[in-house]
Amino acid sequence: MPTMAQEMAYPDKCKMEGGMDMSKMDMSKMDMSGMGEMTDYQKASMEGMKSMHMNMMQGMMKKDADVSFICGMIAHHMGAISMSEVELKYGDNKEAKEMAQKVIDAQKKEITEMTKWLDKEAK
């Protein structure tokens, strides 16, 4: 079952034109030696972080500073949603889970606003 962060697609206007497509990078081969055995929580967190970093790098390559900023922030917010989803799934502290849900709600709203801006302003 896909998570909210996965359901929210990184906008096409944030993806690189030509050149290296960051989404095709095999991030599963990232060097994680020395990290030992990871818990399911840690594995889920790492997957979200890898996706966020790929999208942020791609968005920051835009030549327009405003578009680059918005794309980077969208990726950052998607990462925050992913982290919060991991907390909701694996966390057991009621207050932490409430904070995670607040993050999801706020970041989804901001991503929607930023995507609308991209649709209007990005060429």
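**Student:** What am I meant to see in the environment of His53 here?
**Tutor:** Looking at where His53 falls in the secondary structure, it is placed in helix H2 (residues 40–59). In this structure His53 comes out as partly exposed when scored by relative accessible area, which is 40%. Here the alpha-carbon distance between His53 and Gly72, two residues 19 residues apart in the chain, equals 9.3 Å.

**Student:** Just to check I follow, could you spell out the nonpolar core for this structure?
**Tutor:** In globular proteins that are soluble, nonpolar side chains generally tend to be buried together. With 15 residues, the main nonpolar core has Tyr10, Cys71, Ile74, Met78, Ile111 and Leu118 as its most contacted residues. When contributions to this core are tallied by element, the ones reaching two or more residues are helix H3 (65–90) and helix H4 (94–121). Element by element, the count of residues in this core is highest for H3, at 7 residues.

**Student:** Mind showing me how you'd approach H4 here?
**Tutor:** Owing to its 3.6 residues per turn, the α-helix aligns residues three or four sequence positions apart on the same side. If you check H4, its first and last C-alpha atoms are 40 Å apart, about what 28 residues at 1.5 Å a residue would give, namely 40 Å. Those residues of H4 that fall on the buried side of the exposure criterion are Ala100, Ile104, Gln107, Ile111, Met114 and Leu118. Between the side-chain oxygen at the start of H4 and the backbone nitrogen of Glu95 there is a gap of 3.0 Å, and the oxygen is on Asn93.

**Student:** Looking at this structure, I do not really get the state of the cysteines. What am I missing?
**Tutor:** By definition, a disulfide is the covalent link that joins the sulfur atoms of two cysteine residues. Tallied over the entire structure, the rule returns 1 disulfide. Put simply, Cys14 and Cys71 are joined by a disulfide, and their sulfur atoms are 2.1 Å apart. In this structure, the disulfide formed by Cys14 and Cys71 twists by about -85 degrees around the S-S bond and is classed as left-handed. Of the two residues, Cys14 is situated in the loop between helix H1 (4–7) and H2 and Cys71 in helix H3; the sequence distance between them amounts to 57 residues. By the burial criterion, Cys14 is buried, and Cys71 matches it.

Cut-off values and rules
- Residues numbered from 1 in each chain as written.
- Predicted model: local features only at pLDDT ≥ 70, side-chain atom pairs only at ≥ 80, totals over all residues.
- Heavy atoms only, no water.
- Helix = DSSP H or I, 4+ residues; strand = E, 2+ residues; numbered from the N terminus.
- Buried < 20%, exposed > 50% of the residue type's maximum accessible area, 1.4 Å probe, protein only.
- Core = buried A, V, L, I, M, F, W, Y, C linked by side-chain atoms within 4.5 Å.
- Expected span 1.5 Å × (residues − 1).
- Polar contact = N/O pair within 3.5 Å; in protein donor to acceptor, adjacent residues only side chain to side chain.
- Disulfide = S-S within 2.5 Å.

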